[in-house]
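These are the residues of each chain, in order.
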Amino acid sequence: MSANDQQQLQNLVFSAELNVENENLEQLGPIIKTIYDTDRQEAFLEQLAMFVRKKEGEIERMCNSNYQEFIQSVDQLLKVRQGTVNLKNKIIDLNYDVQKSGKKVASKKKELIQTRRIQKNIDEAVETLQLCLHVLDMANRVNHLVEERKYYSALRTLEELQTVHLRKAIQYEFAKHLQESIPVMQHDVKNAVTKEMKEWLFKVRQVSGEVGKIAMEQMKLRQERWKLKVAKNPDLRSVPVSSPIEMVMNEENEFNIVNNDHVHIDFKPLYQCLHIYEELGKRNEFKSNYEEDRRSQANLVLSQSFTLREGNEKGFEAFLQDIVGFFVVEYVIVHSTQNFRSQTEVDNLWDSVIAKVVKIITESLDECHDPNLFLQIKFSLFTFIQTLEDYGYNVHAFTDLILTVFQRYSDMLKQRFLEDFLQTLLYDDYMPMPISSPAEYEAVVDACWFKEDHRISQGYPRTLPFSQAYPSCCLDIKKFVDQYYTFAEGDSRQFSTVDDIAKQTLDNLLIEHVNGVLTSKLESQNMSQIVQIIINLEYFHDACGELEKLLKSKRSSHRGGQIKLKAAEEFRETSKKAEKRIFELVNSKIDDFLELADYDWVPNSVQAHPSFFLHDMANYLTAVISSTLYNLPMSIKIFIYFNALSHLASSLCNLILSPSVKKINANGVANLEVDVTFLEHFARKLEDPNIADAFLELRQIVTLLQSDNVEEYLDPSTRNRKYSLLKPTDVINLFDKWQDQPLLAMQPEERVKKRAMESVVRSLRSST
């Protein structure tokens, strides 16, 4: 062993002496490892043996120095050993006894362990049974919750059962079966809530009519309140109900249509069903089914039958109330749910329903022929439209229906008043209307637009210019306008069209029937009747102006412009026809007088007095103007004079120019001059002296034939001044007929005149 190893071993032994409890194994390990690595085990063992011997020697020396104490210690140890042997024997005996007793304890312990194992199994079995019973109880509780209509709780219970409790018992067969039955049970919950929702839909269908009735009644109350406000403030006349202005001014606009003293709709079944379907992830399925169900209910409402005959208006109102109630419920659902019933879907359903509603009502209107019933229908229809508009539905599709309603009503009114007009006009006596008392006079003034005429006597009895037909027709026209605008009351949106229909219908009534009947009466030979027709036409023409004012006062306040009735011009034209008819009758009488004329155009002498037929004719004209035509305006009477005398003058001109008159002489022209002078004198005594111009052509003929210088006709300036109305062909005709004594028998001046006439004729013929 090397000195280093020896030193390490010695250090180890030294350390052991200092600290007996510390074996210094940590230091020994590296030394032993080094010995083995250097293959010096034998040297180490030798050194170790030397170390042992050294230590034994030290022990021996220590024992020798303490022998007596050692002997005593050995004796004591022997005594202890003997006690130990005895104690060991006792322990062996005791152990035997313990072993003997332990066998019984071990047997009991085994029994106890087995009992505890059984108890544990029982506890586990009980726990498992309790778990299974809890699972089954929860499954059974789902059915009870469904029966109690606690569908959401039933779904939550199924979810808890599936996600928590069944997982603990999934090793059991019944749990697996129950796990597979969860979708079926969810489906049962869905079916149950769907069934309740279907029952709710049926109940809603039953009370929809009542909901619609209440909604329309509330709208009527709003209409009445708005009428009172409009009456106080006419500027609001063009503002409809449901407009922003009306809603702001309406203090009593809050009323729950679906929850009040008369009807109560609980939407819980719908919301609950929607919630359940959402939880099951089948919201779209529910939306589709609900939309289909509501569409079916809408079709069921539209399938109702009703007739618009007297006494059957209740069916029509019930039809409208059902539709209003249906869409009020839809409105509530849209605004009380989120992303379930969109406004677009409801609007699409509304559009499909409204088209059918318009068609049904339009066809049903064909059955209604009573204006009073039609008025009730109109008010119901307008309330229906305004109610739905108030809930945000688009009612523009009703525009054509509204126009149809107004047109039909105006036609019915026109037909009803037409019968009155025909009775009045056909059976009128066409005589000035007699008035016997102030009350009767006031009644006439109220009935028509009559203004006092200074020509009418102020006492009683008195006569008015027009006949009985005029105030009667005016009264009916006022009634027509009043009834029509009573019918139109409340429809400010359609006022322009309503006004146009009123104007057109009134025009048609006046033109086709009033004016038409009066026109047909012009075929009469009774001049007094025609005169009265002219007077009536004059008043009807003036009444058109008053009617225009009346229509303007009735029209919407926001419309401007003038109202012009075509009937006024038609009455004016008919009046002209009537005047022409009088001209025809007067001229016919003139022709009768002309037939009495027996002119001798080549007499031997000149008559001293005008022709007798002209006296009779003048007396006739004077008499007819002052009696039969007395009530005509002076302008018309003057024109009748002028027309009659112009006709007479034209007839006399035609007479002298007629081919039947072959010859004329100076005496014949002188006699004609006497008649012309008489007629001119008669005309100048009339109201308008210009009437005498009717005989200007005759006067020019007489003047030319009696002129000593007939060649002056060839002078253009003289012709235009003195003979402007004489045509060259007529002058040739007259000069060709001129005959006096044979040329040789004539006086020199007569021969000159004859030659002058011949010269004029030649000149005129050559120029033409």
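Residues numbered from 1 in each chain as written. Predicted model: local features only at pLDDT ≥ 70, side-chain atom pairs only at ≥ 80, totals over all residues. Heavy atoms only, no water.

A few words now on the overall build of the protein. For the protein, the count of helices and strands is 25 helices and two strands. Counting every position in the protein, which comprises 768 residues, the buried fraction comes to 42%. Within the protein, counting contacts between residues at least 6 apart in sequence, those at least 24 apart form 75% of the total. For the protein, the accessible surface area stands at approximately 42700 Å², while carbon and sulfur atoms represent 52% of it. (Helix = DSSP H or I, 4+ residues; strand = E, 2+ residues; numbered from the N terminus. Buried < 20%, exposed > 50% of the residue type's maximum accessible area, 1.4 Å probe, protein only. Contact = heavy atoms within 4.5 Å. Areas by Shrake-Rupley, 256 points an atom, 1.4 Å probe, with all protein chains shown as cover.)

Inspection of the secondary structure puts E548 in helix α17 (residues 527-554). Of the side chains with opposite charge, K564 comes closest to the buried, unpaired E548, at an N-O distance of 4.5 Å. Once residues lying within four places of it in the same chain are set aside, the contact partners of E548 are I563, K564 and L565. (Lys, Arg positive; Asp, Glu negative; His and termini not counted. Salt bridge = Lys/Arg side-chain N within 4 Å of Asp/Glu carboxyl O.)

This paragraph deals with the nonpolar core. Note on soluble globular proteins: their nonpolar side chains tend to be buried together. Membership of the largest hydrophobic core comes to 203 residues, with the highest contact counts inside it found for F327, F384, F398, I582, L621, L645 and L648. If you tally residues by element for this core, the top one is helix α6 (residues 173-232), at 14 residues. Aside from chain neighbours lying at most four places away, what touches F384 is M216, L320, I323, V324 and F398. (Core = buried A, V, L, I, M, F, W, Y, C linked by side-chain atoms within 4.5 Å.)

Attention now moves to the pattern of salt bridges. Going through the model one piece at a time under the given rule, you end up with 18 salt bridges. With a closest N to O distance of 2.5 Å, D293 and K198 form a salt bridge. In this pair, D293 sits in helix α9 (residues 283-302) while K198 sits in helix α6, placing the two residues 95 residues apart along the sequence. A residue is classified by how much of its surface remains accessible, and K198, at 38% relative accessible area, is partly exposed. The salt bridge partner of E345 is R341, with a shortest N-O separation of 3.9 Å.

Right, let's talk about helix α14 (residues 438-447) for a bit. The complete set of buried residues in α14 reads Y441, V444 and A447. For α14, the buried positions fall inside an angular range of 125 degrees around the axis, keeping them on one side. With respect to the buried face of α14, the exposed residues turned more than 90 degrees away are A439 and D446. Those residues of α14 hidden inside the fold are in contact with β1 (433-435), β2 (462-464) and α15 (469-488). (Arc of directions from axis to C-beta.)

In this section: a nonpolar patch on the surface. Taken together, the side chains of L45, L48 and V52 present a nonpolar region at the surface, about 240 Å² in accessible area. Assignment of secondary structure puts L45 in helix α3 (residues 41-65). The exposed category is assigned to L45, whose relative accessible area is 53%. (Patch = residues over 30% accessible without salt bridge, like charges linked within 9 Å, V, L, I, M, F, W, Y side chains within 5 Å.)

A separate point is the side chain of Q700. Along the polypeptide, Q700 turns up in helix α22 (residues 696-706). Here S724 takes part through its backbone nitrogen, which lies 3.4 Å from a polar atom of the side chain of Q700. (Polar contact = N/O pair within 3.5 Å; in protein donor to acceptor, adjacent residues only side chain to side chain.)

Two numbers describe a pair of aromatic rings. These are the distance of the centres and the angle of the planes. For the structure on display, the rule yields 30 aromatic pairs. Pairing F450 with Y539 gives two aromatic rings, centres 6.3 Å apart and planes at 40 degrees, and the pair type is tilted. Of this pair, F450 sits in the loop between α14 and β2 while Y539 is found in helix α17, placing the two residues 89 residues apart along the sequence. A single burial state applies to F450 and to Y539, both of which are buried. In this structure, R294 packs its charged tip against the face of F326, placed 3.9 Å from the ring centre. Sitting over the ring of Y441, R462 keeps its end group 4.7 Å from the ring centre. (Phe/Tyr/Trp six-rings, centres within 6.5 Å; stacked < 30°, edge-to-face > 60°. Lys NZ or Arg CZ within 6 Å of the ring centre and 35° of its normal.)

Moving on, we come to the packing of helix α12 (residues 371-390) against helix α13 (residues 399-426). At a minimum axis distance of 11 Å, the contact between α12 and α13 shows a crossing angle of 165 degrees. Here α13 runs roughly antiparallel to α12, going by the angle between their axes. In this structure, α12 meets α13 at a crossing whose hand is left-handed. Every residue of α13 that contacts α12 at P371, F374, L375, K378, L381, F382 and I385 is listed here: L401, I402, V405, F406, R408, Y409, M412 and R416. In terms of residue class, the contact of α12 with α13 is made up of 12 nonpolar, no polar and three charged. (Axes fitted to C-alpha atoms, helices over the stretch in contact; angles between N-to-C directions. Parallel < 35°, antiparallel > 145°, perpendicular 65-115°, else oblique. Left-handed = near helix turned anticlockwise from the far one by under 90°. Nonpolar A, V, L, I, M, F, W, Y, C, P; charged D, E, K, R; others polar.)

Contact geometry of helix α20 (residues 634-657) with helix α21 (residues 666-684) gives a least axis separation of 12 Å together with a crossing angle of 170 degrees. Overall, the two elements α20 and α21 adopt an arrangement that is roughly antiparallel. For the pair α20 and α21, contact is made by Y641, L645, L648, L652 and I656 and by L672, L679, F682 and A683, respectively. Each residue belonging to the contact of α20 with α21 can be placed in one class, and the counts come to nine nonpolar, no polar and no charged.

This paragraph deals with the state of the cysteines. Following the criterion strictly, the structure yields zero disulfides and no others. Just so you know, C473 is unpaired, no disulfide at all, and the nearest cysteine sulfur is the one on C474, 7.1 Å from it. For C474, which is in no disulfide, the shortest distance to another cysteine sulfur is to C448 and amounts to 5.2 Å. Accessibility expressed as a relative area gives 0% for C474, which makes it buried. (Disulfide = S-S within 2.5 Å.)

Mapped onto the fold, V329 is located in helix α10 (residues 313-336). For V329, a relative accessible area of 1% gives the class buried. For the pair V329 and V204, spaced 125 residues apart in the sequence, the C-alpha separation amounts to 8.3 Å.

For the protein, the average pLDDT comes to 80, and 88% of its residues sit at 70 or higher. Here residues 18-22 scores under 50 on pLDDT; set against residues more than four positions off or in separate chains, the count is zero contacts. (pLDDT = per-residue confidence, 0-100.)

Looking now at the environment of L161. Following the sequence through the fold, L161 ends up in helix α5 (residues 151-168). Residues L161 and V142, 19 residues apart in the sequence, show an inter-C-alpha distance of 9.9 Å.

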